[in-house]
Amino acid sequence: MNIFKQFWLSLYSPKDIAKFRFQGIGKTILYVFLLVLITSLPVFIMTANSVNNGVHAFQNAIENKLPEFEISNGKLHSDAKTPIELTNEDFDIYFDAQGTLSSETIALNSDNAFALLPTEFVVISNGIIQAQPYSMFEGFNLTKDDILQFMEQMDSLLTVVLAIIITFSYIFTAGLKFVEITILALFSTLILNVGTKNLQYRHMWRISAYSVTLASVFFAIMNSMQVAVIGGVFVNWGVSFVMVYLTYKEIPLPKQKKQLTQ
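1. A short note on the nonpolar core
Most often, soluble globular proteins keep nonpolar side chains buried together rather than apart.
Step number 1: Ranked by size, the top nonpolar core spans 31 residues in total, and within it Val32, Met204 and Trp205 carry the most contacts.
Step number 2: Those elements that provide at least two residues to this core are α1 (3-10), α2 (14-19), α3 (25-64), α5 (144-191), α6 (201-211) and α8 (232-250).
Step number 3: Dropping the residues within four chain positions of it, Trp205 is found in contact with Ile25, Thr28, Ile29, Val32, Phe178, Ile181, Thr182 and Ala185.
Step number 4: With 20 residues, the next largest nonpolar core counts Phe58, Phe69, Leu76 and Ile147 among its residues.

Next comes the structure, spelled out in structure tokens:
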């Protein structure tokens, strides 16, 4: 059966999932990789757009909205007398050559920000502060034009950087999905009396691989809409186990055991 047809049937048909338990393990593994790719695409697209927009917004802010400056001898030099704050959708930019702002103050106002302060530059990501003093670059002078030239060079490498980030994210996500399937299959084997239907762990692993489809697609849609699901972990495991259970119910008893029960 076509692997894309399997994907469609796995969304709603436990009866068809039950039939997949006898197929080769290679095809099942390939299906898991396809499932991860399909369900990760919205996140990857959002990440690429966010990084791309962020880099260009940062470049535009430095070029058009920040004054001339120079970083030399471990300090930021500029004629600007007051702090400058630039608010963007993805992150904020702060410029302060006079020492009015501190990294802690900026972190209180912005979860994601970049700041040029008198003696250090600060990167804040999800509220976590990372500060690096300019003294690390002792002997180097850095001006606004130097940063703009560097940003232009980075712009040409941005596609490569994004490709590397997305590739590693895909591999990591696929690894987590395999772990999830393995745990679900083990749990289902222990909870369900699989021996009565001549099922083994390898059969439950295949069934579990297809049973996670519905939950995976649901959370992919929610993530693309940036909607947080309350109790998401429990919803994910609950939906996946219900699909395994419904599939298990579709598997008939062996003929010998049917006769004994009669």
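There is more to say after this.
2. Describing the sheet that holds strand β8 (residues 142-143)
Step number 1: Read from one edge to the other, the open sheet built from three strands follows the order β2-β1-β8, with strand pairing classed as antiparallel. On the outer flanks of this sheet lie β2 (75-78) and β8, each paired with one strand and no other.
Step number 2: By the bridge criterion, two bridges tie strand β1 (residues 69-72) to β8 in an arrangement that is antiparallel. When the bridges of β8 are listed, Ile71 appears paired with Leu142.

3. Digging into a negative patch on the surface
Step number 1: Among the surface-exposed residues, Glu68, Glu70, Asp145 and Asp146 lie close enough to one another that they form a single negatively charged patch.
Step number 2: Within the secondary structure layout, Glu68 lies in the loop between α3 and β1.
Step number 3: In this structure Glu68 comes out as exposed when scored by relative accessible area, which is 55%.

4. Description of unusual backbone geometry
Step number 1: Of note in this structure, Asn198 is not a glycine but carries a positive phi near 55°.
Step number 2: Within the fold, Asn198 resides in the loop between α5 and α6.
Step number 3: Using a relative accessible area of 53% as the deciding quantity, one classes Asn198 as exposed.
Step number 4: One non-glycine residue, Gln226, lies in positive phi territory at about 55°.

What counts, and where the lines are drawn
Residues numbered from 1 in each chain as written. Predicted model: local features only at pLDDT ≥ 70, side-chain atom pairs only at ≥ 80, totals over all residues. Heavy atoms only, no water. Core = buried A, V, L, I, M, F, W, Y, C linked by side-chain atoms within 4.5 Å. Buried < 20%, exposed > 50% of the residue type's maximum accessible area, 1.4 Å probe, protein only. Helix = DSSP H or I, 4+ residues; strand = E, 2+ residues; numbered from the N terminus. Contact = heavy atoms within 4.5 Å. Pairing = 2+ DSSP bridges. Patch = residues over 30% accessible without salt bridge, like charges linked within 9 Å, V, L, I, M, F, W, Y side chains within 5 Å. Areas by Shrake-Rupley, 256 points an atom, 1.4 Å probe, with all protein chains shown as cover. Salt bridge = Lys/Arg side-chain N within 4 Å of Asp/Glu carboxyl O. Lys, Arg positive; Asp, Glu negative; His and termini not counted. Charge placed at Lys NZ, Arg CZ, Asp CG, Glu CD.

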